[in-house]
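Listed below, chain by chain, are the residues.
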Amino acid sequence: MKVKSAEFVKSSSKNEECPKDVHPEYAFIGRSNVGKSSLINMLTDRKSLAKTSGTPGKTQLINHFVIDNNWHIVDLPGFGYAKVSKGERKGFQKLITDFLLFRKSLITVFLLVDSRHPPQKIDLEFMRWLGENAIPFSIVFTKIDKLTSNEWNKNLTKYKKKLLLEWEALPPIFSTSSTGKVGQPELLAYIYKLNETIPRSW
Ligand code: GTP
Ligand code: MG
């Protein structure tokens, strides 16, 4: 399973500017610097489809990419980056929540979480918000190449335990590394399966 074509469509600063919602969409979101843009490049086998950077806060707009002329990837701004001003943070927040609440073609959200850290309040709160608003999501752990498999198994077990304190069932979980190309087939298979099964009648 490989992506044949992947093109940047546009950057939007609000819902009204987004491309026509003709394709099923998959949004990638997470704390700044978690590796969203890198993951999008890894998924699509492109080096620089989405701009990556060592400087957090690079992605500040809603970025749409069209894949195989059939589905959309959406790179959303990183949330929770402390160094943007409070006003700016509110702006991001509204941009993100409006998109997630009102975009009809949105199929699911991939919440990216750094595999090295214990569960962070901001991620747990965001999952709660998604649940309250009935927005389906998966968790995509990133940068697992930075841990030994033993360390990663321990972290993952702890993370699941924490989730099960407030969730009846776990969401789909993916373990990935963009540098190591880990998790690409699993994520693509999941997306393709959803693409096949959803009626395009939003
Ligand atoms: P913003 O758009 O700024 O919110 O960041 P982002 O979430 O898009 O992160 P980005 O993909 O730009 O990656 C941030 C940094 O992490 C870059 O220096 C990447 O090279 C690095 N990085 C991303 N994914 C991985 C990974 O799987 N493994 C390793 N080792 N580094 C990674
Ligand atoms: Mg980015």
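A few points on the structure.

Definitions and limits used
Residues numbered from 1 in each chain as written. Chains lettered and ligands numbered in written order. Predicted model: local features only at pLDDT ≥ 70, side-chain atom pairs only at ≥ 80, totals over all residues. Heavy atoms only, no water. Helix = DSSP H or I, 4+ residues; strand = E, 2+ residues; numbered from the N terminus. Rg over C-alpha atoms; globule rule 2.2 N^0.38 Å. Contact = heavy atoms within 4.5 Å. Areas by Shrake-Rupley, 256 points an atom, 1.4 Å probe, with all protein chains shown as cover. Lys, Arg positive; Asp, Glu negative; His and termini not counted. Charge placed at Lys NZ, Arg CZ, Asp CG, Glu CD. Pairing = 2+ DSSP bridges. Axes fitted to C-alpha atoms, helices over the stretch in contact; angles between N-to-C directions.

Before going further, it helps to spend a moment on the overall build of the protein chain. The number of helices and strands found in the protein chain is five helices and seven strands. Taken from the N to the C terminus, the helices and strands of the protein chain come in the order β-β-α-β-β-α-β-α-β-α-β-α. Relative to the compact-globule value of 17 Å for 202 residues, the protein chain shows a C-alpha radius of gyration of 16 Å, a close match. With respect to the principal axes defined by its C-alpha atoms, the protein chain has extents near 45 × 40 × 35 Å. Contacts spanning at least 24 positions in sequence make up 76% of the contacts within the protein chain whose residues lie at least 6 apart. Of the roughly 10,500 Å² of accessible surface on the protein chain, a fraction of 53% belongs to carbon and sulfur atoms. Put simply, the protein chain has 31 plus and 20 minus side-chain charges, and the middle of one group is 4 Å from the middle of the other.

Quick look at the sheet that holds strand E2 (residues 25-30) now. With respect to topology, seven strands assemble into an open sheet ordered E1-E3-E4-E2-E5-E6-E7, the strand pairing being mixed. The open sheet has two edge strands with one neighbour each: strand E1 (6-12) and strand E7 (173-175). Strand-to-strand twist of the sheet, defined as the mean angle between neighbouring strand axes without regard to direction, takes the value 25°. Sheet strands in contact with helix H3 (residues 121-132) are E2, strand E5 (106-114) and strand E6 (137-142), and its direction is about 165° off that of E5. Along the sheet, helix H5 (residues 184-197) makes contact with E2, strand E4 (71-75), E5, E6 and E7, crossing E5 at roughly 165°.

This is a description of form; function is not addressed.
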